[in-house]
Amino acid sequence: MYRMLLCLSMQNVTVSVCALLRRFFAVVRGVVVAYGAEYWRHNPNGVKCFRYGGVGMRFPRRIALANLPTPIERLNRLSERFGVEVYVKRDDMTGSAETGNKIRKLEYVLADALSKGCDVVVTCGAADSNHARATAIAARRLRLLPHLVLRKPRNGLVGNLLLDRLVGAELTLVEPDEYYADLDGIRERVLADLRKRGRKPYWVPTGASMPLGAVGYVGCASEIALFEARMGLRFDAVVFGTGSGGTAAGLLVGAAVYGLAARIIGINTGEPTERLRNETVRIANGCAELLEFDRRFDASDVVIVDGFDAGGYGEVNERTLRTLKWFAENEGLLLDLVYTAKAASGLLGLLERGEFKQGDRVLFIHTGGLPGLFSHCELLEQIVRRR
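Residues numbered from 1 in each chain as written. Predicted model: local features only at pLDDT ≥ 70, side-chain atom pairs only at ≥ 80, totals over all residues. Heavy atoms only, no water.

A closer look at the nonpolar core
Here comes step 1: Judged by nonpolar contacts, the single largest core of 64 residues is most densely connected at F59, Y202, F235, V238, L251, V253 and L291.
Here comes step 2: For this core, the secondary-structure elements that each account for two or more residues are strand 3 (57-62), helix 3 (102-115), helix 4 (130-141), helix 7 (211-231), strand 10 (237-242), helix 8 (246-258), helix 9 (273-290) and strand 13 (361-366).
Here comes step 3: Among the elements that take part in this core, helix 7 stands out by supplying 10 residues, more than any other.
Here comes step 4: Those residues in contact with V238 that lie beyond four places of it in its chain are L251, A262, R263, I264, I265, L363 and I365.
Here comes step 5: Formed by 30 residues, the second largest nonpolar core is a distinct cluster that contains A237, I265, L321 and I383. (Core = buried A, V, L, I, M, F, W, Y, C linked by side-chain atoms within 4.5 Å. Buried < 20%, exposed > 50% of the residue type's maximum accessible area, 1.4 Å probe, protein only. Helix = DSSP H or I, 4+ residues; strand = E, 2+ residues; numbered from the N terminus. Contact = heavy atoms within 4.5 Å.)

Remarks on the packing of helix 7 against helix 9
Here comes step 1: Two numbers describe how helix 7 lies on helix 9: the axes approach to 8 Å, and their chain directions differ by 80 degrees. Accordingly, the angle class assigned to the pair helix 7 and helix 9 is roughly perpendicular. Every residue of helix 9 that contacts helix 7 at P211, L212, A214, V215 and V218 is listed here: R282, I283, G286, C287 and L290.
Here comes step 2: Here the contact of helix 7 with helix 9 is composed, by residue class, of 8 nonpolar, 1 polar and 1 charged. (Axes fitted to C-alpha atoms, helices over the stretch in contact; angles between N-to-C directions. Parallel < 35°, antiparallel > 145°, perpendicular 65-115°, else oblique. Nonpolar A, V, L, I, M, F, W, Y, C, P; charged D, E, K, R; others polar.)

Structural notes on the environment of V384
Here comes step 1: Mapped onto the fold, V384 is located in helix 12 (residues 377-384).
Here comes step 2: With relative accessibility at 54%, the residue V384 sits in the exposed group.
Here comes step 3: Sequence separation between V384 and K325 is 59 residues; the distance between their C-alpha atoms is 7.9 Å.

Brief notes about the packing of helix 3 against helix 7
Here comes step 1: Running from amino to carboxyl end, helix 3 crosses helix 7 at an angle of 135 degrees, the nearest separation of the two axes being 7 Å. Taken together, the axis directions place helix 3 and helix 7 in an arrangement best described as oblique. The way helix 3 lies across helix 7 gives a crossing that is right-handed. For the pair formed by helix 3 and helix 7, the contact residues are R104, K105, Y108, V109 and D112 on the first element and L212, G213, V215, G216, Y217, G219, C220 and E223 on the second.
Here comes step 2: The residue makeup of the contact of helix 3 with helix 7, split by class, is 6 nonpolar, 3 polar and 4 charged. (Left-handed = near helix turned anticlockwise from the far one by under 90°.)

A few points about the packing of aromatic side chains
Here comes step 1: What the rule picks out here adds up to 6 aromatic pairs.
Here comes step 2: On the numbers, 5.6 Å between centres and 85 degrees between planes, the contact of Y179 with Y180 is edge-to-face.
Here comes step 3: Taking the relative accessible area as the measure of exposure, Y180 reaches 56% and is therefore exposed.
Here comes step 4: On the numbers, 5.9 Å between centres and 65 degrees between planes, the contact of Y313 with Y339 is edge-to-face. With Y313 in the loop between strand 12 (303-305) and helix 10 (318-331) and Y339 in the loop between helix 10 and helix 11 (340-352), this residue pair connects regions lying 26 residues apart in the sequence.
Here comes step 5: Across from the ring centre of Y179, 4.9 Å away, lies the NZ or CZ of R151, which sits over that ring.
Here comes step 6: Positioned above the aromatic ring of W203, the side-chain terminus of R187 is 5.5 Å from the ring centre. (Phe/Tyr/Trp six-rings, centres within 6.5 Å; stacked < 30°, edge-to-face > 60°. Lys NZ or Arg CZ within 6 Å of the ring centre and 35° of its normal.)

A look at the sheet that holds strand 10
Here comes step 1: Here 6 strands make up an open sheet; going across it, the order is 4-5-13-10-11-12 and the pairing mixed. Sheet topology places strand 4 (72-74) and strand 12 at the edges, where each strand pairs with a single neighbour. Here the strands of the sheet are splayed against their neighbours by 30 degrees on average, with no regard to which way each runs.
Here comes step 2: Sitting on the sheet, helix 9 touches strand 10, strand 11 (263-268) and strand 12, and the angle it makes with strand 12 is about 150 degrees. (Pairing = 2+ DSSP bridges.)

So, the pairing of strand 8 (residues 170-174)
Here comes step 1: Summarising the sheet, strand 7 (residues 145-151) and strand 8 pair through 5 bridges and their orientation is parallel. In the sheet register, L148 faces strand 8, and the bridge partner there is L171.
Here comes step 2: Considered for its hand, the β-α-β crossover made up of strand 7, helix 5 (residues 159-166) and strand 8 is right-handed. (Right-handed = clockwise from strand over helix to strand, strands pointing away.)

Focus on the sheet that holds strand 9 (residues 201-203)
Here comes step 1: On the basis of which strands lie adjacent, the open sheet formed by 4 strands has the order 8-7-6-9 and parallel pairing. Strands at the two margins of the open sheet, each flanked by one partner only, are strand 8 and strand 9. The sheet shows a mean angle of 20 degrees between the axes of neighbouring strands, direction not considered.

Here's the deal with the side chain of T367
Here comes step 1: Mapped onto the elements, T367 comes out in the loop between strand 13 and helix 12.
Here comes step 2: According to the relative accessible area criterion, T367 is buried, its value standing at 8%.
Here comes step 3: Dropping the residues within four chain positions of it, T367 is found in contact with D91, G100, N101 and T340.

Topic: the environment of N278
Here comes step 1: If you trace the backbone, N278 turns up in helix 9.
Here comes step 2: A residue is classified by how much of its surface remains accessible, and N278, at 49% relative accessible area, is partly exposed.
Here comes step 3: For N278 and G245, which are 33 residues apart along the polypeptide, the C-alpha to C-alpha distance reads 8.8 Å.

Quick word on helix 10
Residues three or four positions apart in an α-helix share a direction because the helix packs 3.6 residues into each turn.
Here comes step 1: Along its 14 residues, helix 10 runs 19 Å from first to last C-alpha, staying within 8% of the 20 Å computed at 1.5 Å per residue.
Here comes step 2: Those residues of helix 10 lying buried are T320, L321, T323, L324, K325, F327, N330 and E331.
Here comes step 3: Buried residues along helix 10 sit against helix 2 (76-82), helix 11 and helix 12.
Here comes step 4: G332 sits one or two positions beyond helix 10 and adopts a positive phi of about 65 degrees. (Expected span 1.5 Å × (residues − 1).)

Everything listed is a geometric property; what it means functionally is a separate question.
This is the structure we're talking about:
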């Protein structure tokens, strides 16, 4: 009897180990396929581009611009405070000046621009846009001219705008009211002017939030899946800031592709909720179609948490400032006031409301934005003087 029980026990252990190994190597294969280098060609600018495919899908061309994969670290003080295992994925470490989530998207978007023979990249955003800054710097790395259509600044030549000017980006500065009322018309006039100058421009929408850009966060999901397999754990939720829908869309598709069990939870950083939800669905379905992945998404798949945007995009309130200071002092984690401090404020709100039970594992994605802090020096001076 003892021998029989021992044999059964050993068989169960063997089956469990084999199942874990199968999952681990399936995820490794997916990540290798998503990030491995199957050489595609040299483009006319002398930059190596690659084509990717795998897990029954066809990944588009990508240029390696970001430092990937980014690390995942446990947030010890936050975990102890709430009894929930909280981790952070450090997408603020994707690069130096081009740090943040945008560079993941730009790896695919700029590869497409080069493959089409374009020599100017045109994009848009706020004067202190993280996306515009990352686009300008990445474009210069690839011998492309960056042209930025930005809302006129409130704070002078600081933060991301200073870096835009430093790399010699061409700027079209527009009054905010005109920008919101006629962005499509402004874009067409800028593109037409560039063509008259003999240029071949490539348009990138706000945040590179488009199906092609969202593929970058399918790759992020593969890194999360590999971490889970390597560490023998599963995340119950992935929390991040959402403003234009591209990051959320890529994570939704990636979670489906790589079998993540986690809820994908976006903290709204200042956009109308239903418009953001619809845009996320549109981008996710376009991304899935691009990858030839047989899954479609609807509004019920998109989780957006409101109430932490401080009144709108770019606005700051006392809770945002307290969150920024708490994470800096207790976790050594530097956030920005436009996106990540609001996302972290939302994470704290979910923890405070008991949305996660004791022992749950939650992953917070730090999407970068550090240069933008220096557009808020007066506010920062106020909070660092507090005790």
